[in-house]
Amino acid sequence: PHRDITKKKRIIMKTRIITIITILTLIMSCSSTKSPSPKVWAWVSGSLTMTDETLEHYFSKCKEVGIEAIMMECHSGKPVVLDSTTFRDSAALEIIRRAVPYAEKYGVELHAWMWTTNRVEKHLRDAHPEWYQVNAQGESCNDIKLYNREHYRWLCPSRPETTEYLKERVRELAEIDGLTGIHLDFIRYPDVILPYGLHESRGVVQDKVYPLWDFCYCEKCREEFKKLHGVDPMDLEDPTACQEWMQYRWDVMAKMASDVAAVIKECGKVSSAAVFASPEESKKLVRQDWANFKNLDYVFPMIYHKFYDKDDPWVETATREGVEALAAADNPALLCSGLFVGHVPSDRIPEFLGYVRNGGAHGISFFCLESIDHRDTTYWNALKEALK
């Protein structure tokens, strides 16, 4: 009998040990699949003229204050493309290659920030003018200067060729060792309505949608929409009142974004995108339904609140709207709120961090490092203290 009791105790003890091990395994498994920790990011303009001293300055300062990832612009509104035969963006590649040693030295992630549908390079415009978007007046943005901005030249998302072109730009960047991710910007239509706080400075009246700024009505878009709905959008009395036409444009842009982001992930890089401030404002102002951009690891709504004539707490409101929209779309991308440094006084940085946190963001990004340098000399220190 004594041996039987001892045997039973051993069996009970063994069962308990197995149970504890199983629970610990489950806990470890769950923790390993959790989202990464919230992260602090910043945008910075890159160029071939950026000196070693400048790179050293930005990466060392980011390390010092607690900024963990830099999105460096490598293709912009004034691109320098060195190989016009293959369209390979050699200048963008060189900008990122020069930055990699500093990212590695200071342990700061480096993400290549590329312009997407907004592509300005002259040789592309000359070779493929048909790829560019057309407004409701039949004018190509390749031929006119929207808002008097030379760089407002936009590729059409309905054309498979433009998506393939952007995929190639992604693949060549992804070849760079030491690059953590690729960040997509301007993956939208031209502003059909500018953010409200910019109307006066840009000298426009946009109390409604006007044909000059309403894109894209190119032959390809009209043809594809007619296949789906049996009508040419140019024949509609009020195209902007047609929900199907609005949905078509949201969907084709979302497909382009999703397809390009998929290539980033296939190449083993982190995929992210900068988008307009809130989901509904974004759909209205630039035809960008970013909650349905798939294959993104991170999405960065640029909540530059003063450009929208909004009070400071709107940063929290827009953040929350974005988080909820991603959840409703079953989109696993993590939202990081983008703040405009010029709208955030140094003594109120903690307040804005609170807005972002309370809105449910998974991180924060500052636009931009150059602006921090241009603020008062205490801004770097104030940011460091707030991020602690």
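Above: the structure in question.
Scope of this entry: the structure provided in the associated data block. Note that the coordinates shown come from a computational prediction; the quantities given were computed from them, not determined experimentally.

1. Digging into the sheet that holds strand β9 (residues 363–367)
Now for step 1: An order of β7-β6-β5-β4-β3-β2-β1-β9-β8 is seen for the nine strands of this open sheet, with the pairing classed as parallel. In this open sheet, the two strands that pair with only one neighbour each are β7 (334–335) and β8 (337–340).
Now for step 2: Summarising the sheet, strand β2 (residues 69–75) and strand β3 (residues 109–115) pair through six bridges and their orientation is parallel. When the bridges of β3 are listed, H75 appears paired with M114.
Now for step 3: Of the strands in this sheet, β2 and β3 touch helix α3 (residues 90–106), which is tilted by about 160° from β2.

2. Regarding the side chain of R119
Now for step 1: One can find R119 in the loop between β3 and α4 (122–127).
Now for step 2: Only 3.3 Å separates the side chain of R119 from the side chain of H75, close enough to count as a polar contact.
Now for step 3: Dropping the residues within four chain positions of it, R119 is found in contact with H75, D89, M114, L124, Y132, R153, L155, Y165, L166 and R169.

3. Description of the layout of surface pockets
Now for step 1: Put simply, the largest pocket is a space of about 730 Å³.
Now for step 2: The wall of the largest pocket is formed by 27 residues, among which F186, R188, M302, Y304 and F367 lie closest to the centre.
Now for step 3: Its residues assigned to classes, the lining of the largest pocket comprises 18 nonpolar, three polar and six charged.
Now for step 4: By volume, the second largest pocket amounts to about 270 Å³.
Now for step 5: Around the second largest pocket, the lining is made up of 14 residues, and of these P38, V40, L353, R357 and I364 lie nearest the centre.
Now for step 6: When contributions to the lining of the second largest pocket are tallied by element, the ones reaching two or more residues are β1 (39–45), α11 (349–358), β9 and α13 (379–387).
Now for step 7: It is α11 that provides the largest number of residues to the lining of the second largest pocket, a total of three residues.
Now for step 8: Residues belonging to the lining of the second largest pocket are distributed by class as follows: eight nonpolar, three polar and three charged.

4. Comments concerning α13
Now for step 1: Along α13, the residues that are buried comprise Y379, W380 and L383. Axial view of α13: buried residues confined to an arc of 100°, hence all on one face.
Now for step 2: Looking at the buried positions of α13, the neighbouring elements they touch are α2 (52–65), α11, β9 and α12 (369–374).

5. Re empty space enclosed by the protein
Now for step 1: Counted by the stated rule, this structure contains one cavity of 30 Å³ or more.
Now for step 2: Roughly 50 Å³ of internal volume is contained in the largest cavity.
Now for step 3: Lining the largest cavity are C74, H75, D89, A92, M114, R119, R169, E172 and L173.
Now for step 4: Of all the elements in the fold, those that place two or more residues in the lining of the largest cavity are β2 and α5 (160–174).
Now for step 5: Of the residues in the lining of the largest cavity, the class split is four nonpolar, one polar and four charged.

6. A closer look at the state of the cysteines
Now for step 1: In the structure shown here, the tally under the stated rule is zero disulfides.
Now for step 2: We note that C218 lacks a disulfide partner, and the nearest cysteine sulfur, in C216, lies 3.6 Å from it.
Now for step 3: According to the relative accessible area criterion, C218 is buried, its value standing at 4%.

7. Here we look at the packing of aromatic side chains
Now for step 1: Across all of its chains, the model carries 25 aromatic pairs by this definition.
Now for step 2: With a centroid separation of 6.3 Å and an interplanar angle of 80°, the aromatic rings of Y304 and F307 are classed as edge-to-face.
Now for step 3: According to the relative accessible area criterion, Y304 is buried, its value standing at 11%.
Now for step 4: Chaining the aromatic ring pairs together yields one cluster made of W41, W43, W113, Y298, F300, Y304, F307, F340 and F367.
Now for step 5: Positioned over the ring face of Y165 is R169, at 4.7 Å from the centre of the ring.
Now for step 6: Between K283 and the ring centre of W250, over which it is positioned, the NZ or CZ distance is 4.4 Å.

8. A look at the pairing of strand β6 (residues 298–301)
Now for step 1: Here β6 shows no split at all, with Y298 and F300 on one side and V299 and P301 on the other all buried.
Now for step 2: For strand β5 (residues 270–275) and β6, the ladder comprises four bridges, and the chain directions are parallel. Considered in β6, the bridge of A273 is made with V299.
Now for step 3: With helix α10 (residues 314–328) bridging β6 and the parallel β7, this β-α-β connection has right-handed handedness.

Thresholds applied
Residues numbered from 1 in each chain as written. Predicted model: local features only at pLDDT ≥ 70, side-chain atom pairs only at ≥ 80, totals over all residues. Heavy atoms only, no water. Pairing = 2+ DSSP bridges. Helix = DSSP H or I, 4+ residues; strand = E, 2+ residues; numbered from the N terminus. Contact = heavy atoms within 4.5 Å. Axes fitted to C-alpha atoms, helices over the stretch in contact; angles between N-to-C directions. Polar contact = N/O pair within 3.5 Å; in protein donor to acceptor, adjacent residues only side chain to side chain. 1 Å grid on protein atoms, 1.4 Å probe; cavity = no way out; pocket = protein on both sides within 12 Å on 5 of 7 lines; lining within 4 Å. Points joined across faces, edges and corners; volume = space filled by probe spheres on them. Nonpolar A, V, L, I, M, F, W, Y, C, P; charged D, E, K, R; others polar. Buried < 20%, exposed > 50% of the residue type's maximum accessible area, 1.4 Å probe, protein only. Arc of directions from axis to C-beta. Disulfide = S-S within 2.5 Å. Phe/Tyr/Trp six-rings, centres within 6.5 Å; stacked < 30°, edge-to-face > 60°. Lys NZ or Arg CZ within 6 Å of the ring centre and 35° of its normal. Right-handed = clockwise from strand over helix to strand, strands pointing away.

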